[in-house]
Amino acid sequence: MFELTEINQVHLAVGSTDLRCAIDGLAAIVQMKFKLNPFSNSMFVFCNRKRNRVKILKWDGTGYWLLLKRLDKGVFKWPESSSDIKSVTMKELRWILDGLTVEQPKAFKSRYPKSSV
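Overview of the structure. The model shown is predicted, which means the values in this text are computed figures rather than measured ones.

**Comments concerning helix α1 (residues 23–33)**
Taken as a whole, α1 has its buried residues at Leu26, Ala27 and Val30. Projected onto a plane normal to the axis of α1, the buried residues spread over an arc of 100° and lie on a single side. In α1, the exposed positions angled more than 90 degrees off the buried face are occupied by Asp24, Met32 and Lys33. Contacts made by the buried residues of α1 are with β2 (42–47), β3 (53–59) and β4 (64–70). Lys35 sits one or two residues past α1 and shows a positive phi near 60°.

Following this line, the structure appears as structure tokens:
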């Protein structure tokens, strides 16, 4: 299984995607529409029009993983914007998968202070 800690980036396909697409269709969207490498060490996340299903595409070096989450009740708070793709952190992806929005104003921001030594 792939390690979540080794993932460089998480890319959300903003808006809705036809999730009848399987691995090859989603990889083609990544490559042709977003101009990104589907074989990179990134996760590509797609949501359907009803906002109750999410598919995650991930290359692990030997093949693709295709993960699907279908909600029994409720909808994902999926971002809508003018761009086609949005890069998020793993923490922000967890928020979305837990039913929260990407923007969490009260969440602690990551910071990397300079060493005083």
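**Observations concerning the sheet that holds β4**
Spatially, the five strands line up as an open sheet ordered β4-β3-β2-β1-β5, and their pairing is mixed. Both edges of this open sheet fall to β4 and β5 (85–88), since each of them pairs with a single strand only. Across this sheet, the average inter-strand angle for adjacent strands is 20°, counted without regard to direction. The sheet contact formed by strand β1 (residues 9–13) and β2 spans four bridges and is parallel. Opposite His11, over in β2, you have Phe44 as the bridge partner. Lying on the sheet, helix α2 (residues 90–97) is in contact with β1, β2, β3, β4 and β5; it crosses β1 at an angle near 40°.

**A word on the environment of Asp98**
With respect to the helices and strands, the residue Asp98 is situated in the segment after α2. Each C-alpha atom of the pair Asp98 and Lys77 lies 9.3 Å from the other, and the pair is 21 residues apart in sequence.

**Thoughts on the pattern of salt bridges**
According to the stated counting rule, one finds two salt bridges in the structure shown. Between Arg20 and Asp18 there is a salt bridge, with the nearest N and O atoms lying 2.8 Å from each other. Given the relative accessible area of 75%, Arg20 is considered exposed. For Glu80, the salt bridge is made with Arg51, and the minimal N-O distance between the two is 1.9 Å. Highlighted residues: Glu80 in the loop between β4 and β5 and Arg51 in the loop between β2 and β3, separated in sequence by 29 residues.

**What to know about α2**
Those residues of α2 not exposed but buried are Met90, Leu93, Trp95 and Ile96. Looking at the buried positions of α2, the neighbouring elements they touch are β1, β2 and β5. Of the residues one or two after α2, Gly99 is the one with positive phi, at around 95°.

**Description of the packing of aromatic side chains**
Applying the stated criterion across every chain yields a total of three aromatic pairs. With 5.7 Å between their ring centres and 35° between their planes, Phe39 and Tyr64 make a pair best called tilted. Of the two residues, Phe39 is situated in the loop between α1 and β2 and Tyr64 in strand β4; the sequence distance between them amounts to 25 residues. Note on Phe39: relative accessible area 45%, which makes it partly exposed. Relative to Tyr64, the ring of Trp59 has its centre 5.0 Å away and its plane inclined at 70°; by these criteria the two rings are edge-to-face. With relative accessibility at 22%, the residue Tyr64 sits in the partly exposed group.

The rules behind these values
- Residues numbered from 1 in each chain as written.
- Predicted model: local features only at pLDDT ≥ 70, side-chain atom pairs only at ≥ 80, totals over all residues.
- Heavy atoms only, no water.
- Buried < 20%, exposed > 50% of the residue type's maximum accessible area, 1.4 Å probe, protein only.
- Helix = DSSP H or I, 4+ residues; strand = E, 2+ residues; numbered from the N terminus.
- Arc of directions from axis to C-beta.
- Contact = heavy atoms within 4.5 Å.
- Pairing = 2+ DSSP bridges.
- Axes fitted to C-alpha atoms, helices over the stretch in contact; angles between N-to-C directions.
- Salt bridge = Lys/Arg side-chain N within 4 Å of Asp/Glu carboxyl O.
- Phe/Tyr/Trp six-rings, centres within 6.5 Å; stacked < 30°, edge-to-face > 60°.

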